Amino acid sequence: MHIYPDARSVIRALAPDEPVILNRPHAAARAARFFVEKFPGKSLYAVKANPTPDLIEVLWEAGITHFDVASIAEVRLVRGLLPDATLCFMHPIKTPGAIREAYHQHGVRTFSLDSVEELEKIVEACRNPETGEAATDLRLAVRLRVSSEYSELSLASKFGCDLSEAPLLLQQTRQHCDWLGICFHVGSQAMSPFAYVQALDRTRAAIAEASVVIDMIDVGGGFPSWYPDLEPPPLEDYFQIIHQHFYALPIAYNAELWCEPGRALSAEYSSMIVRVEKRRGEELYINDGAYGALYDAAHVNWRFPVRALEDDLRDPDADFAFYGPTCDDADYMKGPFPLPSDIQAGDYIEVGMLGAYGAAMKTGFNGFGDAQQVVVTDEPMASLYDGSRARPEVDNVVSLR
Ligand SMILES: *Cc1c(COP(=O)(O)O)cnc(C)c1O
């Protein structure tokens, strides 16, 4: 990948017709070091947030050794890049073929499940194909359904067993493994550490009812990044409260604590240069959108930060909406995105904080979706990790008991 100082130097050098993804390896490495040093347990990178090979290698070099993979393609990708990484297959519904390949060919031992059917599937798929003997080295994690009420994007309806089913499933799973964990996901961009308190309370109830030994608690993803209108409390508050509630659980004395950040490790990694192709009032027609890296801006009205890259725009900001390049009316991003009010066709814009669920969402629909990737060395539009951020005095900062 070519290296440039910043977005402005990219447009000067390339005058790009297509969007350009700007990657900041230094920002991802800093996020990884933050989690490695400050999270009181092990941090797995959730690959689905952004599977760019360079990012995966940067995270590994910065100390992330475990990866949360959810499909056989992600297993193959990470194994191909990192022969020594520990891969954990944390999708609770897998195909038998995917489990077999992951276990027998890629050394995957950790699997999640939320039903007895999935448990049986895993046990069958991991048998020794010659002797038919059951695997003795499985590490299984039962996914608990928890509330997403503190999060911007819910993950509460699709996966996870209910509290009423959890005790029996934990007991049944314990019979097939020497290492049993509980995992959950509080939803993405959790705006309060209390999300994890609530989930850990549920975990406690399940363990008490099941009376089984638990070797690992995985608090999942959900750790926030920064976006306009979504300024979270410091991540240290999340870590502290998770640590405290983890220690109070009735679990094995040497039980491990895990987390699976996707967004928090990757959001600052990428931004994107787009160009205005047409202006109609306060609507800008740009060359990326709902079927590209701005999927969340269109579909869940996510407000990514923006800045104009032209030096000659001087007017105060006005609020704009965007249309993407495809012929579909749904290719629309309401915003509002504040940009200089004299912006016009031909001007370039940088859209920030697209490393998580942005760059990864691009499709080729309608022939659009090409984007060159380059490396830039300047700072992301915002960072939770550069030490610049004062402790925000927001209402939901927790008082630790
Ligand atoms: C998506 C996902 C993650 C990452 O979530 P973020 O909110 O991006 O941190 C972690 N674990 C599982 C099981 C997931 O599905």
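Treat the numbers as computed from the prediction; the structure is a model and nothing was measured. (Residues numbered from 1 in each chain as written. Predicted model: local features only at pLDDT ≥ 70, side-chain atom pairs only at ≥ 80, totals over all residues. Heavy atoms only, no water.)

(A) Seen up close, the packing of helix H5 (residues 96–106) against helix H6 (residues 116–125). Where H5 meets H6, the axes come as close as 9 Å, and the angle between the chain directions of the two elements is 45°. The orientation of H5 relative to H6 falls into the category oblique. Seen along the crossing, H5 lies across H6 with a hand that is right-handed. For the pair formed by H5 and H6, the contact residues are Pro96, Ile99, Arg100 and His104 on the first element and Glu118, Lys121, Ile122 and Ala125 on the second. Partitioned by chemical class, the residues of the contact of H5 with H6 number 4 nonpolar, 1 polar and 3 charged. (Axes fitted to C-alpha atoms, helices over the stretch in contact; angles between N-to-C directions. Helix = DSSP H or I, 4+ residues; strand = E, 2+ residues; numbered from the N terminus. Parallel < 35°, antiparallel > 145°, perpendicular 65-115°, else oblique. Left-handed = near helix turned anticlockwise from the far one by under 90°. Contact = heavy atoms within 4.5 Å. Nonpolar A, V, L, I, M, F, W, Y, C, P; charged D, E, K, R; others polar.)

(B) The site of the ligand, seen in detail. Of all residues adjacent to the ligand, which total 13 residues, the nearest are Lys48, His185, Ser188, Glu260 and Tyr357. The backbone of Gly222 places a nitrogen or oxygen atom 2.9 Å from an oxygen atom of the ligand. Measuring from an oxygen atom of the ligand, one finds a backbone N or O atom of Gly262 at 2.9 Å. Protein chains shield 91% of the accessible area of the ligand, which is 390 Å² for the free molecule. When grouped by side-chain class, the residues that make up the shell around the ligand number 3 nonpolar, 5 polar and 5 charged. (Near = heavy atom within 4 Å. Polar contact = N/O pair within 3.5 Å; in protein donor to acceptor, adjacent residues only side chain to side chain. Areas by Shrake-Rupley, 256 points an atom, 1.4 Å probe, with all protein chains shown as cover.)

(C) Fine view of helix H4 (residues 72–81). Among the residues of H4, Ile72, Glu74, Val75, Val78 and Arg79 are the ones counted as buried. Considered in projection along H4, the buried side chains sweep an arc of 155° and stay on one side of the axis. Looking at the buried positions of H4, the neighbouring elements they touch are helix H3 (53–61), strand S4 (66–69), strand S5 (86–89) and H5. (Buried < 20%, exposed > 50% of the residue type's maximum accessible area, 1.4 Å probe, protein only. Arc of directions from axis to C-beta.)

(D) Region of interest: the domain arrangement of the protein chain. Each assigned domain of the protein chain is listed here: domain 1 (3–22 + 270–376) and domain 2 (26–266). For domain 1 versus domain 2, the distance between C-alpha centres works out to 33 Å. On the domain 2 side, the residues contacting the 14 residues of domain 1 number 18 residues. Taken together, both faces of the contact between domain 1 and domain 2 bury some 1300 Å²; the carbon and sulfur share is 59%. If you sort the residues of domain 1 by the area they bury against domain 2, Trp302, Arg303 and Tyr357 come out on top, with a joint share of 47%. Counting the contacts that link domain 1 with domain 2 gives 3 residue pairs in polar contact (both at pLDDT 80 or more). For the side of domain 1 that touches domain 2, the residue count by class is 10 nonpolar, 3 polar and 1 charged. (Domains from an automatic or database assignment. Buried area = accessible area lost by both parts, 1.4 Å probe.)

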